[in-house]
Amino acid sequence: MGDRISAGSRPIRVLMAKVGLDGHDVGARVVARGLLESGMEVIYTGIRRTPQQIVRTAVDEDVDVVGVSILSGAHDVLLPRLRQLLDQAGAQSIILIAGGVIPQEDIPELTRQGVARVFLSGTSIAEIAQAIKGLVAQKDAVS
């Protein structure tokens, strides 16, 4: 099916995560619902997860993408830590993306640290879904 791009014939699997002490998850739930409606399989971790919990779930669930919604301002510490833990777990192929309240000037450093894409507030669900499909297709073409 055209909308279900991923390795093999299965739908793209996305883990939506809230890391750290951030307790507001409306945005994450809206994005999760939109990705589900676009044909992806979505697993939502709930709030207040540690980077270790997120990585364990991502590996156990064999996801293609980890999407982190972060509003706490700790993105510059938590996102690089997630990438590091994913790599240490042998999950280098899992794509890490983020959204929420992240200053635009922080994006280049997050990209350098292994975050594939940062979505600013106001990004449409359609744009997020299209970007995920593109990132997964690009990863599959390299694999």
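Numbering of residues begins from 1 in every chain and follows the order in which that chain's sequence is written. Per-residue local features of the predicted model are confined to residues with pLDDT of at least 70, and side-chain atom pairs are confined, for both listing and counting, to 80 or more; whole-chain, interface and lining totals are unaffected and use all residues. Side-chain numbers come from the whole structure's heavy atoms, not from hydrogens or water.

A. A look at the pattern of salt bridges. Any Lys or Arg side-chain nitrogen found within 4 Å of a carboxyl oxygen on Asp or Glu counts as a salt bridge. Counted by the stated rule, this structure contains eight salt bridges. The partner of Glu61 in a salt bridge is Arg13, and the shortest N-O contact between them spans 2.9 Å. Placement of the pair is Glu61 in the loop between helix H2 (51-60) and strand E3 (65-70) and Arg13 in strand E1 (residues 13-18), with a sequence separation of 48 residues. For Glu61, a relative accessible area of 33% gives the class partly exposed. A 1.4 Å probe rolled over the protein chains alone gives each residue an accessible area, and that area as a share of the maximum for its type sets the label: buried under 20%, exposed over 50%, partly exposed in between. The buried category is assigned to Arg13, whose relative accessible area is 15%. With its nearest N and O atoms 3.0 Å apart, the salt bridge here joins Asp87 to Arg83. In this pair, Asp87 and Arg83 both sit in helix H3 (residues 75-88), four residues apart, roughly one turn of the helix. Among the charged side chains, a salt-bridge network with shared partners connects Arg10, Asp64 and Lys139. By the criteria applied, helices consist of DSSP H or I runs no shorter than four residues and strands consist of E runs no shorter than two, each listed in order from the N terminus.

B. Here's a closer look at the pairing of strand E5 (residues 117-120). Being paired, for any two strands, means DSSP has found at least two bridges between them. Bridging between strand E4 (residues 95-100) and E5 involves four bridges; their strand directions are parallel. Each bridged residue has a counterpart across the sheet, and for Ile97 the counterpart in E5 is Arg117. When the strands point away from the viewer, a crossover counts as right-handed if the path from the first strand over the helix to the second runs clockwise. The handedness of the E4 to E5 crossover, carried by helix H4 (residues 107-112), is right-handed.

C. Up close: unusual backbone geometry. Of note in this structure, Arg48 is not a glycine but carries a positive phi near 60°. Even without a glycine there, the phi angle at Asp62 is positive, about 55°. When you line up the elements, Asp62 lands in the loop between H2 and E3.

D. Structural context of the side chain of His75. On the secondary structure map, His75 appears in helix H3. By relative accessible area, His75 is classed as buried at 4%. Every residue pair with non-hydrogen atoms within 4.5 Å of one another is taken to be in contact. Among all residues touching His75, those that are not within four sequence positions of it are Ile70, Pro80, Val101, Ile102, Pro103, Asp106 and Leu110.

Shape descriptors only; they carry no functional weight alone.
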